[in-house]
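Below are the chains, spelled out letter by letter.
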Amino acid sequence: MSMPPQPQGNPYASAPPQGNPYATPHAPYGQPQQQPHYCQHPHPAAGYGQPMAGVPQVPACRVCASYPAAEVTIRGHVGMLIMMRFQKWPGPYCRTCGTAMRREATTNTLWQGWWSPFSMVIFNPYTIISNLVVRGKLNKLPEPGPAPYGARPDPGKSVLQRPAAYVALLPILWFLFLIVRGG
Ligand SMILES: [Zn+2]
């Protein structure tokens with residue numbers, strides 16, 4: 001009879017394992033989908049990110065890379081008759097490097113910064129006061145540890161011990177002279 005074929009559902013039943021032949025091609029695709037291969041490699045970003053997370057986020061001096069450092073911006077100003085130049089050197093700086101740069105910038109500003117009307121009235125006073133604020137912040141820092149790279153600028157003499165700073169007296173004297181003469 002033609003009945004037998006179905007009882008032999010066994011061979012067909014085992015055949016439906018059709019899934020197997022299809023499963024085997026899927027398996028290789030399925031495994032890469034897990035992609036443990038790629039993810040097992042440590043991502044560089046994660047590698048660098050994790051230690052950063054454990055370390056307290058303290059800014060390091062941009063000159064000598066030591067701690068502690070303050071997020072300050074040292075400014076300078078050059079006033080000329082028809083043009084002005086605004087300079088700024090953002091930190092962070094440690095106490096030593098920041099003091100060295102601040103003294104240099106302030107001293108230069110004190111003799112270069114007066115020579116245009118707006119500079120004298122607005123920009124140079126602002127620059128000088130801004131650097132005074134920076135001085136206050138830097139002076140609150142403890143002395144930095146040994147410099148990791150061994151190079152650190154010498155803070156040198158204070159601003160008022162530098163002759164160039166006293167060029168600032170000239171425009172002030174001139175201003176006073178105008179007032180006195182006008183009176
Ligand atoms: Zn430094």
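These lines cover the structure that appears in this document, whether it is placed above or below. (Residues numbered from 1 in each chain as written. Predicted model: local features only at pLDDT ≥ 70, side-chain atom pairs only at ≥ 80, totals over all residues. Heavy atoms only, no water.)

Regarding the coordination of the zinc ion
Donor atoms from the polypeptide that bind the zinc ion are Cys61 (SG), Cys64 (SG), Cys94 (SG) and Cys97 (SG), placed at 2.3 Å. Around the zinc ion sit 4 donor atoms; with metal-centred angles ranging over 104 to 115°, the donor geometry is tetrahedral. Along the chain, the residues donating to the zinc ion are arranged with the sequence spacing C-x2-C-x29-C-x2-C. Like Cys97, Cys94 is buried. (Donors = N, O, S within 2.8 Å, 3.2 Å for Na, K, Ca; no water. Tetrahedral: all angles 85-135°; square planar, octahedral: opposite > 155°, others 65-115°. Buried < 20%, exposed > 50% of the residue type's maximum accessible area, 1.4 Å probe, protein only.)

Section: the pairing of strand S2 (residues 84-90)
Across 7 bridges, strand S1 (residues 73-79) lies against S2 in antiparallel orientation. By the bridge assignment for S2, Gly76 is matched with Gln87. Following S1, the chain reverses through 4 residues before pairing antiparallel with S2. (Pairing = 2+ DSSP bridges. Helix = DSSP H or I, 4+ residues; strand = E, 2+ residues; numbered from the N terminus.)

Details of the side chain of Thr96
Here Thr96 lies in helix H5 (residues 95-112). Thr96 gets classed as buried once you look at its relative accessible area, which sits at 14%. Not counting chain neighbours up to four residues away, the residues in contact with Thr96 comprise Glu143, Pro144, Arg152, Pro153 and Pro155. (Contact = heavy atoms within 4.5 Å.)

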